[in-house]
Amino acid sequence: MKKASPQRPSVDLFNEFSLYLIFASTCSSDMKRYSSRSLGLILISLLLETETSHVVSSDPVVAVADDDVILPCSLLNFTKSAGLVVKWSRSNLTDTTGKDKVVHFYRDARDSNVDQDESYRGRTSLFKELKNGNVSLKLSRVKLSDEGNYMCYILVQEPNSLVHETVIQLIVVAVSNPVISINGTNGSGVVLKCEAKSWYPKPEMNWLDSERQVLPAGSAETRRDTEGLYIVRRHVTVNKKVTNTFTCRVQLQKFNFTRETGYNIPDEMFPTVPWVWIAVPVLIVCVCGLVFGFMWIKYQKLRKKIDFADQQIQELTDELDTREQELTEQLAKLKQERAALVSSVDNGCHRFSFSRTLSMSLSNKPLRRNTMAHSMTEKADVKEDEETNPLHQTIRTT
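Residues numbered from 1 in each chain as written. Predicted model: local features only at pLDDT ≥ 70, side-chain atom pairs only at ≥ 80, totals over all residues. Heavy atoms only, no water.

For the protein, the name recorded in an unreviewed UniProt entry is Butyrophilin subfamily 3 member A2 isoform X2, with Salmo salar as its organism.

Just checking my understanding: could you explain the overall build of the protein for this structure?
Looking only at helices and strands, one finds five helices and 17 strands in the protein. Looking at the protein as a whole, 31% of its 398 residues qualify as buried. Long-range contacts, defined as pairs at least 24 residues apart, comprise 62% of the intrachain contacts of the protein with a sequence gap of at least 6. For the protein, the exposed surface amounts to about 26900 Å²; the carbon and sulfur share of it is 57%. (Helix = DSSP H or I, 4+ residues; strand = E, 2+ residues; numbered from the N terminus. Buried < 20%, exposed > 50% of the residue type's maximum accessible area, 1.4 Å probe, protein only. Contact = heavy atoms within 4.5 Å. Areas by Shrake-Rupley, 256 points an atom, 1.4 Å probe, with all protein chains shown as cover.)

Is there a simple way to explain the sheet that holds strand S15 (residues 230-238) in this structure?
Whenever strands of a sheet pair, they do so through backbone hydrogen bonds, lying parallel or antiparallel. The strand order across the open sheet formed by four strands is S11-S12-S15-S14, and the pairing between neighbours is antiparallel. Looking at the sheet topology across the chains shown, the edges are occupied by strand S11 (179-186) and strand S14 (221-224). Put simply, the sheet's adjacent strands are angled 20 degrees from each other on average, direction ignored. Bridge count for strand S12 (residues 189-199) against S15 is eight bridges, and the pairing is antiparallel. Paired with Glu195 across the strands is Arg233, a residue of S15. (Pairing = 2+ DSSP bridges. Axes fitted to C-alpha atoms, helices over the stretch in contact; angles between N-to-C directions.)

What exactly am I supposed to notice about the state of the cysteines here?
Working definition of a disulfide: a covalent bond connecting the sulfur atoms of two cysteines. In this structure the tally under the stated criterion is two disulfides. Covalent S-S linkage joins Cys73 and Cys152, the inter-sulfur distance amounting to 2.1 Å. Between Cys73 and Cys152, the disulfide has an S-S torsion of -80 degrees and is therefore left-handed. Of the two residues, Cys73 is situated in the loop between strand S3 (69-71) and strand S4 (84-94) and Cys152 in strand S9 (residues 148-156); the sequence distance between them amounts to 79 residues. Residue Cys73 is classed as buried on the basis of its relative accessible area of 2%. Here Cys194 connects covalently by a disulfide to Cys248, the sulfurs 1.8 Å from one another. (Disulfide = S-S within 2.5 Å.)

What exactly am I supposed to notice about a nonpolar patch on the surface here?
On the surface, a cluster of nonpolar side chains totalling about 510 Å² of accessible area is made up of Leu283, Val287, Val291, Phe294 and Met295. Its location among the elements puts Phe294 in helix H3 (residues 275-362). The class for Phe294 is exposed, based on a relative accessible area of 54%. (Patch = residues over 30% accessible without salt bridge, like charges linked within 9 Å, V, L, I, M, F, W, Y side chains within 5 Å. Salt bridge = Lys/Arg side-chain N within 4 Å of Asp/Glu carboxyl O.)

Can you help me understand the pattern of salt bridges in this one?
Close approach of charged atoms allows side chains with opposite charge to pair. Applying the stated criterion to the full structure yields nine salt bridges. A salt bridge links Asp117 to Lys101, with the shortest nitrogen-to-oxygen separation between them at 3.3 Å. On the criterion of sequence distance, the pair formed by Asp117 in the loop between strand S6 (110-111) and strand S7 (124-126) and Lys101 in strand S5 (residues 100-107) is long-range, its members being 16 residues apart. Between Arg233 and Glu221 there is a salt bridge, with its nearest N and O atoms 3.5 Å apart. Taken together, the positions of Arg233 in strand S15 and Glu221 in strand S14 put the pair 12 residues apart, joining distant regions of the chain. Glu221 gets classed as partly exposed once you look at its relative accessible area, which sits at 40%. Counted as one network, the salt bridges with shared partners bring together Glu195, Glu221 and Arg233.

Is there a simple way to think about unusual backbone geometry in this case?
Apart from glycine, the bulk of residues carry a negative phi angle, and the bulk of peptide bonds sit in the trans form. A cis amide bond links Tyr200 with the next residue in sequence, Pro201, at an omega value of -5 degrees. With respect to the helices, strands and loops of the structure, Pro201 is situated in the loop between S12 and strand S13 (204-208). In the Ramachandran plot, Arg212 falls in the positive-phi region, its phi being about 65 degrees despite a non-glycine side chain. Inspection of the secondary structure puts Arg212 in the loop between S13 and S14.

Given below as structure tokens:
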């Protein structure tokens, strides 16, 4: 332990040794032993009648590589800087013996960075508000290797022994402005290439038009350089528009970091279309239109003929239905008339047959006499005819 400066207030030797013992016990960076270390710190503080506090920052601190960052750490209701000891260390930064390496050390009202890790040499400083309890650490020219959990230990010896411990997570990102270039033409459009180097972690890249609408583009090409940083490249084919202004946007949405680059393409950069490329499609469209029109007219004519034939078929069908009904009625009427005639004939035949039978029964003999007389008369007539007819005479002579 180093010799105290004359300005340092005198304290009991036992208390001084105990306080430094407490501070030493809090300066371990092994996160697996962190809970037991805090418990031991509280027990020792209770034995020595000191106050202790432990704070874990819920929100991580995000820094951009090569920029400066502030790691916050402070004590409330602190007015004096006398007897103040501050140590900053990192959880995953230890020496060969497993002890924490010092990021920054403040004691006896001055910086004491003899044991400071070489990677932080000349890049750390405390805030100049020690009297107000602000012992935040300013880390300059942040590197990707600086990412990790930082512990701030504060020991106040007077007026009351006080130990304070704060854990801050530092996240380091790397960003850069994208670069746009023309990568040739494709048909009537221009191919643009956007390339963003030195990004960490892996970013997202999109192309935007002048109305801030995302353009359909090819898939992004991603690779890593020798330092582990990401290089992203993406192409897009754009056609001539009113403004011809396009934007490449690269962003880390999780950490709300965005970089954009705009590009305006001159009109003369767009390829001119030969007249043949225009005439051939127009000619094809015209021929297709004529063929379609001819087929449409022919179809309409056939449609009219079909409709007329359907109309005639319907008229004939209606006429046949009407004639069938009329013929059916006439047939029924004829059947009725025939039945009446048949009935009349049957009645007449019965009457005639009865009358003849009655007459023959009443005059049977005179009928026979009349019959004989009639036969004789017929024979006399035949004889007379034969005598008077020359033909009959010739036949008889022969």
